[in-house]
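Geometric and topological summary
Here is what each chain is made of, one letter per residue.
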Amino acid sequence: RRYSYSPRAQALLDYVFPKQLSIVRGNSVDTVPRYAQANLSKRGPCDFFSIDGGHNYYSVSHDLRNALRVTRPGGTIIVDDAYKRKGFGIERAWNEFVGAGCVVNVTCSQLVVEQVPWSHRFDTDPAHHYKVTNKWCHGRVPHAPMGAGC
């Protein structure tokens, strides 16, 4: 899915991190395996992988396992909206992932109240802003062998 803010987000990434980060558009359940197949042998694994996608258990579980496939040992996996709302699958999938030893040195932010635009954070009109709570969690991919649930 292509959002209207994607070109602005990519321009910001290019400015702050020249030739280091890119937005891969599409359903991550499909795009990450395709990206891995096309790029791992050329570029090597990622140092940092950010998950900010579907909020159901199925999507998050797949995103976490796909992230593990493409992130180097010692690299970081971060999950957005980790404990945003009860009933989302993010919390359950993340807790299972951590419990299986798939990531170590786990840290989660406190709930953060953000004043964000209705359409997206790149919308600068304050009339479109509203308050949301958010929490991010991140962990490092271990160097040692991981549990069977990974």
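Calculation notes
- Residues numbered from 1 in each chain as written.
- Predicted model: local features only at pLDDT ≥ 70, side-chain atom pairs only at ≥ 80, totals over all residues.
- Heavy atoms only, no water.
- Helix = DSSP H or I, 4+ residues; strand = E, 2+ residues; numbered from the N terminus.
- Buried < 20%, exposed > 50% of the residue type's maximum accessible area, 1.4 Å probe, protein only.
- Contact = heavy atoms within 4.5 Å.
- Areas by Shrake-Rupley, 256 points an atom, 1.4 Å probe, with all protein chains shown as cover.
- Arc of directions from axis to C-beta.

1. Observations regarding the overall build of the chain
A count of helical and extended segments in the chain gives four helices and six strands. Element order for the chain, N to C, with α for helix and β for strand: α-α-β-α-β-α-β-β-β-β. Looking at the chain as a whole, 33% of its 150 residues qualify as buried. By sequence separation, contacts in the chain at least 24 residues apart represent 66% of the contacts at least 6 residues apart. Counting only carbon and sulfur atoms, one obtains 55% of the accessible surface of the chain, whose full area is about 9400 Å².

2. Some details on helix 4 (residues 90-99)
Those residues of helix 4 that sit buried are Ile 90, Ala 93, Trp 94 and Phe 97. All buried residues of helix 4 project into a common sector of 95° when viewed along the axis, lining one side. Buried residues along helix 4 sit against helix 3 (57-70), strand 2 (71-79), strand 3 (104-108) and strand 6 (137-140). Following helix 4 by one or two positions, Gly 101 adopts a phi angle in the positive range, close to 85°.

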